[in-house]
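# Tertiary structure, described
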Amino acid sequence: MRLLIVEDDGAAARQLAGDLAELGHDCEIAGDGRVALIQATGTRFDAILLDCLLPFVDGIAVTALLRDRGIDLPIMMISAVDDLDHRLIALEAGADDYLIKPAAPAEVDARLRVILRRGASTQKSGVMWAGDIEVNEVKRSATRAGRTIKVQNIEFRILCELVRNANTIVTRQMLYEAVWNYDFVPRTNIVESHMTRLRNHLSTAGERDPIATIRGVGYMLTDKA
């Protein structure tokens, strides 16, 4: 993969670039947010590895600006900030993943390949998987362990977001924006109501509920048995 590493610590950036080069990747380095925006919009990369605390433009702002410009390449945050609220803000801004420093190069490589593989599969066929759940956005169909799941349009769109972000927290705000196109939090329990119906369709007697509620934050669909 051709990767852009955005890190203001030059030694750390060179170390990560060298480690990833040994795994077969071609890496370029940007030392601050402004340079990252220029390089990401002017050069073809397969993914961006982005620190959060950057000079001039921070990593979350870089992510939001790139998404606003229609640049949808994978963005992986790699940050020393181990704070749930900060991680959620980064994911809501458009990051695909968030790793805490120090991040092992092998894990960075593995996570990038999962993100890219998932994106490639979706682009080709509209099909996404998470464990035994499969959704087809083109045909608007869903199955679990081969069993057809019949859901209304809103529940299907929620399910697609959960599968797309499997094993990652999907906040209520993310669902408001992706499913309802709201840029505000409505004073209703609209998400909870649809989530209850979706759970009822997903899990028959004896089946594990694959959707975990993250209290006060949102939901996470897990592909673990």
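In short, a report on the structure. (Residues numbered from 1 in each chain as written. Predicted model: local features only at pLDDT ≥ 70, side-chain atom pairs only at ≥ 80, totals over all residues. Heavy atoms only, no water.)

The next subject is the sheet that holds strand 6 (residues 127-130). As summarised here, the arrangement of the 4 strands in space is 6-7-8-9, forming an open sheet in which the pairing is antiparallel. Whereas interior strands pair on both sides, the edge strands pair on one side only; in this sheet they are strand 6 and strand 9 (147-148). Of the strand pairs in this sheet, strand 8 (residues 141-144) and strand 9 are connected by 2 bridges, and their pairing is antiparallel. In the sheet register, Thr143 faces strand 9, and the bridge partner there is Thr148. (Pairing = 2+ DSSP bridges. Helix = DSSP H or I, 4+ residues; strand = E, 2+ residues; numbered from the N terminus.)

So, about the packing of helix 3 (residues 59-68) against helix 4 (residues 84-93). Packed helix pairs are specified by the crossing angle of their axes together with the interaxial distance, meaning the distance between the axes. Across the interface, helix 3 lies against helix 4 with an axial gap of 8 Å and an inter-helix angle of 20°. Regarding the angle of helix 3 to helix 4, the classification is roughly parallel. The two elements helix 3 and helix 4 meet at a crossing, and its hand is left-handed. Contact residues: Ile60, Thr63, Ala64 and Arg67 in helix 3; His86, Ile89, Ala90 and Ala93 in helix 4. When the residues that make up the contact of helix 3 with helix 4 are grouped by side-chain class, the tally is 5 nonpolar, 2 polar and 1 charged. (Axes fitted to C-alpha atoms, helices over the stretch in contact; angles between N-to-C directions. Parallel < 35°, antiparallel > 145°, perpendicular 65-115°, else oblique. Left-handed = near helix turned anticlockwise from the far one by under 90°. Contact = heavy atoms within 4.5 Å. Nonpolar A, V, L, I, M, F, W, Y, C, P; charged D, E, K, R; others polar.)

On to the nonpolar core, then. Core analysis: the biggest nonpolar cluster contains 28 residues, and Ile158, Leu159, Leu162, Leu175, Met195, Leu198 and Leu221 have the highest contact counts within it. Where this core is concerned, the elements lending two or more residues are strand 6, strand 7 (133-136), helix 6 (153-164), helix 7 (172-180), helix 8 (190-202) and strand 12 (218-221). With 7 residues, the single largest contributor to this core is helix 6. Look past the residues within four positions of Leu159 in its chain and what remains in contact with it is Ile133, Val135, Ala142, Leu198, Leu202 and Leu221. Ranked by size, the runner-up nonpolar core spans 23 residues in total, among them Ala36, Ala40, Ile71 and Met77. (Core = buried A, V, L, I, M, F, W, Y, C linked by side-chain atoms within 4.5 Å. Buried < 20%, exposed > 50% of the residue type's maximum accessible area, 1.4 Å probe, protein only.)

Let's shift gears to the sheet that holds strand 2 (residues 26-30). Taken in spatial order, the 5 strands line up as 2-1-3-4-5 in an open sheet, and their pairing is parallel. What marks the edges here is a single partner per strand, and that holds for strand 2 and strand 5 (97-100). Across the sheet, the axes of successive neighbouring strands diverge by a mean angle of 20°, strand direction being ignored. When strand 4 (residues 75-79) meets strand 5, the two strands line up parallel, connected through 4 bridges. By the bridge assignment for strand 5, Met77 is matched with Tyr98.

A negative phi angle characterises most non-glycine residues, just as the trans form characterises most peptide bonds. Following Lys101, the chain continues to Pro102 via a peptide bond in cis, the omega torsion being -5°. With respect to the helices, strands and loops of the structure, Pro102 is situated in the loop between strand 5 and helix 5 (105-125). The phi dihedral of Phe56 is positive, around 70°, even though this residue is not glycine. Looking at the secondary structure, you find Phe56 in the loop between strand 3 (47-50) and helix 3. The exposure class assigned to Phe56 is exposed, which follows from its relative accessible area of 60%. In this structure, Arg140 takes a positive phi of about 55° despite not being glycine. Note on placement: Arg140 falls in the loop between strand 7 and strand 8. Judged by relative accessible area, which is 36%, Arg140 ranks as partly exposed.

Moving on, we get to the pattern of salt bridges. A full pass over the atoms with the stated rule returns 17 salt bridges. Arg144 is paired through a salt bridge with Asp132; the nearest N and O atoms lie 3.4 Å apart. In this pair, Arg144 is assigned in strand 8 and Asp132 in the loop between strand 6 and strand 7, connecting sequence segments 12 residues apart. Assessed through its relative accessible area of 4%, Arg144 is described here as buried. Each member of the salt-bridge network shares a partner with another, and the members are Arg2, Asp26 and Glu28. (Salt bridge = Lys/Arg side-chain N within 4 Å of Asp/Glu carboxyl O.)

By themselves, these observations are geometric and do not establish any function.
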